[in-house]
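Observations on the model geometry
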Amino acid sequence: MTNKEITSKIIGQLKQDDQFPDWWKSEHVEIPFFDNIRLNVTFMDFDPDLDEAFVEEADIALTNFLKLSADDRDLVSKLAYENFQSFLDIGDFDEVNESLTQIKSIHEIWNFIHPTEIYVTRRPHKEQDIYIAISCGCDWEEEHGLQLVFRQGRQLTRISDHDGHLTEADACGKPDEEDELLSKFK
């Protein structure tokens, strides 16, 4: 199969994945939200013949997301820390990295979160908006990791382990208005 390419005005060329024809991967892009580390961006579940608006909407979401800085990351530190605390409440404390127990500020939680890839996809139902999901490893949940999901790239609407869902509403089968973060989207 010959790879095809698509062009984003924001991140440049994306090449079609050999294994997953509806995945399109970019070169590394600097991510200001994570102190300019460089990550690949993958457009997921995208068929250019079936969704002509996807690239344009993805570019808008990426523009929004790439405006977010480390200061914006600090604003969601409490949510990342709460994810860690939830794991401690149900997990085996002996398995947790000892240095995690020494955190003095919620902002230190980012020292234990390791972003690996960014996925841009359309929610398959309800409002069918574009979401940006950042896949991360984290020191407290090595098996399922952590994902941060931004609706339209503008606002964090979910932080959770990787479970295949973009929203808490979808994961739990509840209405969007009962999803605490999603319902606050403006």
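Provided above is the structure to which this section pertains.
Just so we're clear, the structure is a prediction, and the values are computed from it rather than from any experiment.

Rules used throughout
Residues numbered from 1 in each chain as written. Predicted model: local features only at pLDDT ≥ 70, side-chain atom pairs only at ≥ 80, totals over all residues. Heavy atoms only, no water. Helix = DSSP H or I, 4+ residues; strand = E, 2+ residues; numbered from the N terminus. Contact = heavy atoms within 4.5 Å. Areas by Shrake-Rupley, 256 points an atom, 1.4 Å probe, with all protein chains shown as cover. Lys, Arg positive; Asp, Glu negative; His and termini not counted. Charge placed at Lys NZ, Arg CZ, Asp CG, Glu CD. Salt bridge = Lys/Arg side-chain N within 4 Å of Asp/Glu carboxyl O. Buried < 20%, exposed > 50% of the residue type's maximum accessible area, 1.4 Å probe, protein only. Pairing = 2+ DSSP bridges. Axes fitted to C-alpha atoms, helices over the stretch in contact; angles between N-to-C directions.

This part takes up the overall build of the chain. Helix and strand counts for the chain come out as four helices and eight strands. From first element to last, N terminus to C terminus, the chain shows the α and β order β-β-β-β-α-α-α-β-β-β-β-α. Taking the principal axes of its C-alpha atoms as reference, the chain extends roughly 50 × 35 × 30 Å. For the chain, restricting intrachain contacts to residue pairs at least 6 apart in sequence, the fraction spanning at least 24 positions comes to 48%. Accessible surface for the chain amounts to roughly 10100 Å². Of this, 48% is attributable to carbon and sulfur atoms. Of the charged side chains in the chain, 18 are positive and 41 negative, and the gap between their average positions amounts to 6 Å.

Quick look at unusual backbone geometry now. As a rule of thumb, non-glycine residues mostly have phi less than zero, and peptide bonds are mostly trans rather than cis. Positive phi is not limited to glycine here, since D35 has a value of about 55 degrees. Looking at the secondary structure, you find D35 in the loop between β3 (24-31) and β4 (37-43). Phi angles above zero are rare outside glycine, and D45 is one such case at about 55 degrees. Mapped onto the elements of the fold, D45 is located in the loop between β4 and α1 (54-66).

Side chains that differ in sign of charge can pair as their charged atoms come close. Under the defined criterion, the tally for this structure stands at 14 salt bridges. Of the charged contacts, one joins E117 and K25 as a salt bridge, the two residues approaching to 3.4 Å between their closest N and O atoms. Placement of E117 in strand β5 (residues 113-122) and of K25 in strand β3 is noted, with a sequence separation of 92 residues between them. The class for K25 is partly exposed, based on a relative accessible area of 33%. Two residues, D51 and R122, come together in a salt bridge whose shortest N-O distance is 2.7 Å. Of this pair, D51 sits in the loop between β4 and α1 while R122 sits in strand β5, and the two are 71 residues apart along the sequence. In this pair, the class of D51 matches that of R122, namely buried. Connected through salt bridges with shared partners, the residues R123, K126, E127, D170 and D176 form a single ionic network.

Every second residue of strand β1 (residues 5-8) is oriented toward a common face, the buried set being I6 and S8 and the non-buried set E5 and T7. Alignment of β1 against strand β2 (residues 12-16), held across four bridges, turns out to be antiparallel. Considered in β2, the bridge of I6 is made with L14.

Once that is clear, we can look at the sheet that holds strand β7 (residues 146-151). Strand order in the open sheet made by the eight strands is β1-β2-β3-β4-β5-β6-β7-β8, with mixed pairing throughout. Lying at the two open borders of the sheet, with one neighbouring strand each, are β1 and β8 (155-160). Adjacent strand axes in the sheet meet at a mean angle of 25 degrees when their direction is disregarded. Strand direction decides the pairing type here: β2 and β3, joined by three bridges, are antiparallel. Residue K15 lies in a different strand from β3, and its bridge partner there is K25. Contacts from α1 reach β1, β3, β4, β5, β6 (130-138) and β7 within the one sheet, and its direction differs from that of β6 by about 55 degrees.

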